[in-house]
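# A structural walkthrough
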Amino acid sequence: NLSQTAIYAVYDANYTQLGYGVVNQQTTPNQFTDQNAGWARLGTFKVTTGNVLHVITWNSRPDGQINADALRIAPVAATIVNNGDQGSSAFSNAGGWTVAAVGFDGGSLVSNSTLGSGTSSAAWTTVVQTGLYDVAVTWTPGTNFSQSAIYAVYDANYTQLGYGVVNQQTAPSQFTDQGVSWARLGTFSVTAGNLLRIITWNSRPDGQISADAVRIVPVTAITVNDGDRGSSSFATGGGWAAVAQGLYGGSLVSNTAIGNGTSSAIWTTTVPTGSYDVAVTWTPGNTLSQSAIYAVYDANYTLLGYGVVNQRSTPGDFTDQGVGWAKLGTFKVTAGTVLRIITWNSRPDGQISADAVRVAPAAG
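So, a few notes on the structure that sits alongside this text. (Residues numbered from 1 in each chain as written. Predicted model: local features only at pLDDT ≥ 70, side-chain atom pairs only at ≥ 80, totals over all residues. Heavy atoms only, no water.)

## A look at the sheet that holds strand β27 (residues 292-297)
This is how it is decided: Here, a strand pair is defined by DSSP locating no fewer than two bridges between the strands. The helix and strand labels rest on DSSP assignments: H or I over at least four residues marks a helix, E over at least two residues marks a strand, and numbering proceeds from the N terminus. To get an axis, a line is fitted to the C-alpha atoms, and for a helix only the part in contact is used. The angle between two axes follows their N-to-C directions and goes from 0 to 180 degrees.
Pairing in this open sheet of five strands is antiparallel, and the strands run β22-β25-β31-β27-β28 from one edge to the other. The sheet is open, and its two borders are formed by β22 (232-237) and β28 (303-309), each paired with just one other strand. Neighbouring strand axes in the sheet, compared pairwise and without regard to direction, differ in orientation by 20 degrees on average. Where β27 meets β28, six bridges bridge the pair, whose relative direction is antiparallel. Bridging across to β28, alanine 295 finds its partner in tyrosine 306.

Here is the structure:
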């Protein structure tokens, strides 16, 4: 006799609504288990004023009574927006979608309109402040899914901040959080408005699209990994091979003749004018150069400086995101809005490894 559409509204101390969740109380909550009980997730909610969180339900539904038992509130480091969430972190979809498999905290969705038509879209939105955010996605893999699914990232004005491409025929595997694996899209800088939007759609001709959850984490540094695209991106020229595990996936090694300079790698990120600490990471190997050069340029390709590292040993200046980093130095950007870091196999003592760079505003 309970409602299949019971509403729980979430408010701050001023009774400003932060969002809500809808649950079916005719079935047992089963998204996760804690304290020997099953729970249903309402969503991630951001408290910015006051020091109180109110969660309210009432018998407003015409399809049954309301059951009131217990509430579980846990602080999180990351905002996770799941399909079905509403409020300050919300999900919406258009076109044809079906619940096809078990995903993060419930079912994952699959587009069911014509392949490549672009008529099935899914959007995850969350309220953020200006700053840097790492964005990752998860999905339930399937053999009929796209190997080149696109997730585009926008701000409040629908200005595209960048995008990521993932293979949904395989499970995401770059890192694990809250019991599921995730694939990182990249680091994105929000400079206008207070929203971050992640949108995917079935625009790919090679398969349907899965829509499950996105994960958004504020960060203090821009990390540009091999494979990133958009406002922070990576590109190569010449011959490279993925040979080892690196940050968020494989690292690359040049495979053209040692010292000929024909294998190049470039990391590019959008930054305002200012001073930046730049660091790099790689997977060490005994065939790599002991004097690998990373040159740092601005938007006009004016050389700002360079660093030399020994890639036969593990970078050890500091640790972040679970890997070691080597500092190249502090570089001042006075023209343009782009910082470029370039390496190439110009050294006669070994090949070059290309994995990730880290760009952080310099202290002071």
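## With respect to the pattern of salt bridges
When charged atoms on two side chains of opposite charge get close, those side chains can pair. To keep things clear, this is the line we draw: Definition used for salt bridges: Asp or Glu carboxyl oxygen within 4 Å of a side-chain nitrogen of Lys or Arg. Exposed residues in this analysis have more than 50% of their type's maximum accessible area, buried residues have under 20%, and partly exposed residues fall in between, with area computed by a 1.4 Å probe over protein chains only.
Under the counting rule described, the total for this entry stands at six salt bridges. For aspartate 320, the salt bridge identified is with arginine 358, shortest N-O distance 2.9 Å. Taken together, the residues aspartate 320 in strand β29 (residues 318-320) and arginine 358 in strand β33 (residues 356-361) connect sequence positions 38 residues apart. Residue classification places aspartate 320 among the partly exposed positions, given a relative accessible area of 24%.

## Considerations on the environment of valine 99
To be explicit about the condition: The contact rule is simple, with two residues in contact once any of their heavy atoms fall within 4.5 Å.
Take valine 99: it is sitting in strand β9 (residues 97-103). Taking the C-alpha atoms as reference points, valine 99 and valine 110, separated by 11 residues in sequence, lie 6.4 Å from one another. Beyond its immediate stretch of four places on either side in the chain, valine 99 contacts Gly107, Ser108 and Leu109.

## Concerning unusual backbone geometry
Phi at asparagine 36 is positive, roughly 65 degrees, even though this residue is not glycine. Here asparagine 36 shows up in the loop between β3 (32-34) and β4 (37-39). By relative accessible area, which is 81% here, asparagine 36 ends up exposed.

## Here we look at the nonpolar core
To keep it simple, the criterion reads: To define a nonpolar core, start from buried Ala, Val, Leu, Ile, Met, Phe, Trp, Tyr and Cys residues and group those joined through side-chain atoms within 4.5 Å.
Counting residues in each nonpolar core, the largest one holds 27 residues, and the members touching the most others are Trp267, Tyr294, Val309, Leu328, Leu339 and Ile341. Elements supplying a minimum of two residues to this core: β20 (222-225), β25 (264-270), β26 (274-281), β27, β30 (323-333), β31 (338-344) and β33. With four residues, β30 is the single largest residue contributor to this core. Look past the residues within four positions of leucine 328 in its chain and what remains in contact with it is Val278, Ala279, Val280, Tyr294, Val296, Tyr306, Gly307, Val309 and Ile341. One finds Tyr133, Val166, Phe188 and Ile209 within the second-largest nonpolar core, a separate group that totals 26 residues.

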